[in-house]
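Results of the structural survey
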Amino acid sequence: MMPARTVPPAAADTLPALKRRGVMLVLASPPGGGKTTITREIAKRDPETVISVSATTRQQRPGEVEGQHYYFVSKEKFELMIKSGDMLEHALVYNSQFYGTPRKPVEKALSEGRDVLFDIDWQGNRTLSEMARDDVVSVFLLPPTWDELAHRLHNRARDSEEEIIRRLGKARDEIAHYREFQYIIVNNDLEESIAKVQAILEAERQKRNRLVGIQAFVDTLKPGN
Ligand SMILES: Nc1nc2c(ncn2[C@@H]2O[C@H](COP(=O)(O)OP(=O)(O)OP(=O)(O)O)[C@@H](O)[C@H]2O)c(=O)[nH]1
Ligand SMILES: [Mg+2]
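Residues numbered from 1 in each chain as written. Chains lettered and ligands numbered in written order. Predicted model: local features only at pLDDT ≥ 70, side-chain atom pairs only at ≥ 80, totals over all residues. Heavy atoms only, no water.

**Digging into the overall build of the chain**
A count of helices and strands for the chain gives 8 helices and 9 strands. Counting only C-alpha atoms, the chain reaches 75 × 45 × 30 Å along its principal axes. Residues classed as buried in the chain amount to 42% of the 225 residues present. On the chain, roughly 13,500 Å² of surface is accessible, and the fraction owed to carbon and sulfur atoms is 54%. Placing the 33 positive and 33 negative side-chain charges of the chain at their respective mean positions leaves the two points 3 Å apart. (Helix = DSSP H or I, 4+ residues; strand = E, 2+ residues; numbered from the N terminus. Buried < 20%, exposed > 50% of the residue type's maximum accessible area, 1.4 Å probe, protein only. Areas by Shrake-Rupley, 256 points an atom, 1.4 Å probe, with all protein chains shown as cover. Lys, Arg positive; Asp, Glu negative; His and termini not counted. Charge placed at Lys NZ, Arg CZ, Asp CG, Glu CD.)

Right, dumping it as structure tokens:
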């Protein structure tokens, strides 16, 4: 009997690249639900991802870096950005401050085959899902229990009692929209949740519709190549 022939894997740098379009990965959760932490961790670990840096009219907090955490802009500037079509989506959050997603960096990253991570609220997810249905993958993080969520909000310690109560109100609001998301993760253990988000992202990357270079790749699959 002929021994089974094992084909050595081709060196990665000689393989024809299979071009793909990036994923728009929306991560939402009630305040304290973990979306900001998880978004940042994934961006840190996975070089194919970038974070969408939002513009906001809210006050810069100590430790926040302009252009890294947010672009801090005046209300006038924000309105100008909307008018000139520079915003992919925008929303009024906590009924008081504007938050929005600048358009250009997202379009650039997607066409270069990089995935864009969005730490936005349910309103942002709704708008993006309506306008970019094929690109958006939406994940909603739920707390394991209500008390755990309240505990996390109290533990952040940076907020006043009044602010915490406001955030708990926003939490109820946000959770009420869970049906608008494609994936749900109960965020009980941070590392486990990160692994789950990464698994979702990895699966979505292989979707045929995103593989814009698939025909070119298949065309190379012939004897002699
Ligand atoms: N629609 C939309 N929402 C955004 C955008 N950027 C941030 N948000 C949301 O606005 C809310 C307030 O964000 P922050 O002011 O950074 O406050 P935070 O401490 O991160 O608050 P939580 O994440 O809600 O705990 C969060 O739910 C964000 O996800 C954006 O560009 N568009
Ligand atoms: Mg946050």
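**As for the site of ligand 1**
In the region of ligand 1, 22 residues are neighbours, and Arg58, Tyr70, Glu89, Tyr99 and Arg158 sit closest. Contact distances for ligand 1 include 3.1 Å between an oxygen atom and a backbone N or O atom of glycine 100. For ligand 1, the protein covers 97% of the area, taking 610 Å² as the surface of the free molecule. Because more than half of its atoms lie within 2 Å of the grid, ligand 1 is assigned to the largest pocket. Taken together, the elements giving at least two residues each to the shell around ligand 1 come down to α1 (35-45), β5 (87-93) and β6 (97-102). Here the residues of the shell around ligand 1 are counted per class, giving 7 nonpolar, 6 polar and 9 charged. (Near = heavy atom within 4 Å. Polar contact = N/O pair within 3.5 Å; in protein donor to acceptor, adjacent residues only side chain to side chain. 1 Å grid on protein atoms, 1.4 Å probe; cavity = no way out; pocket = protein on both sides within 12 Å on 5 of 7 lines; lining within 4 Å. Sits in = over half its atoms within 2 Å of the grid points. Nonpolar A, V, L, I, M, F, W, Y, C, P; charged D, E, K, R; others polar.)

**Section: the packing of aromatic side chains**
Tallied over the full model, the rule gives 4 aromatic pairs. Pairing phenylalanine 78 with phenylalanine 98 gives two aromatic rings, centres 5.3 Å apart and planes at 25°, and the pair type is stacked. In this pair, phenylalanine 78 is assigned in helix α2 (residues 75-83) and phenylalanine 98 in strand β6, connecting sequence segments 20 residues apart. Take phenylalanine 78: its relative accessible area is 1%, and that puts it in the buried class. Residue phenylalanine 98 is classed as buried on the basis of its relative accessible area, which comes to 17%. The ring of tryptophan 146 carries the charged tip of arginine 172 above its face, separated from the ring centre by 4.3 Å. (Phe/Tyr/Trp six-rings, centres within 6.5 Å; stacked < 30°, edge-to-face > 60°. Lys NZ or Arg CZ within 6 Å of the ring centre and 35° of its normal.)

**Some points on the layout of surface pockets**
Of the pockets and cavities examined, the largest pocket occupies roughly 1,300 Å³. What lines the largest pocket is a set of 48 residues, and nearest its centre among them are Thr36, Arg58, Arg61, Tyr70 and Asp119. Elements represented by at least two residues in the lining of the largest pocket include exactly α1, β2 (49-51), β5, β6 and α6 (161-175). For the lining of the largest pocket, the element with the most residues is α1, which contributes 6 residues. (Points joined across faces, edges and corners; volume = space filled by probe spheres on them.)

**Structural notes on the side chain of glutamate 204**
Structurally, the position occupied by glutamate 204 is in helix α7 (residues 190-205). Contact partners of glutamate 204, with chain neighbours within four places excluded, come to Val23, Val137, Tyr183 and Arg210. (Contact = heavy atoms within 4.5 Å.)

**Concerning the sheet that holds β2**
If you walk across this open sheet you meet the 5 strands as β2-β7-β1-β8-β9, and the pairing is parallel. One side of each edge strand has no neighbouring strand; the edge strands of this open sheet are β2 and β9 (183-186). Direction aside, the axes of adjacent strands within the sheet are offset by 25° on average. The sheet strands contacting α1 are β1 (24-28), β2, β7 (115-119) and β8 (136-142), and the helix crosses β7 at an angle near 160°. Of the strands in this sheet, β1, β2, β7, β8 and β9 are in contact with α7, which crosses β9 at around 160°. (Pairing = 2+ DSSP bridges. Axes fitted to C-alpha atoms, helices over the stretch in contact; angles between N-to-C directions.)

**Some remarks on the sheet that holds strand β4 (residues 71-72)**
Across the sheet, which stays open at both edges, the 4 strands sit in the order β4-β3-β6-β5 with mixed pairing between neighbours. Taken across any chain shown, the strands that pair with only one partner, and hence form the sheet edges, are β4 and β5. Here 2 bridges tie strand β3 (residues 55-56) to β6, and the two strands are oriented antiparallel to one another. Opposite alanine 55, over in β6, you have glycine 100 as the bridge partner. Sheet contacts for α2: β3, β5 and β6; angle to β5, the most-contacted strand, approximately 140°. Across the sheet, helix α3 (residues 103-111) touches β5 and β6, and the angle it forms with β6 is around 30°.

Limitation: the analysis is restricted to geometry and does not speak to function.
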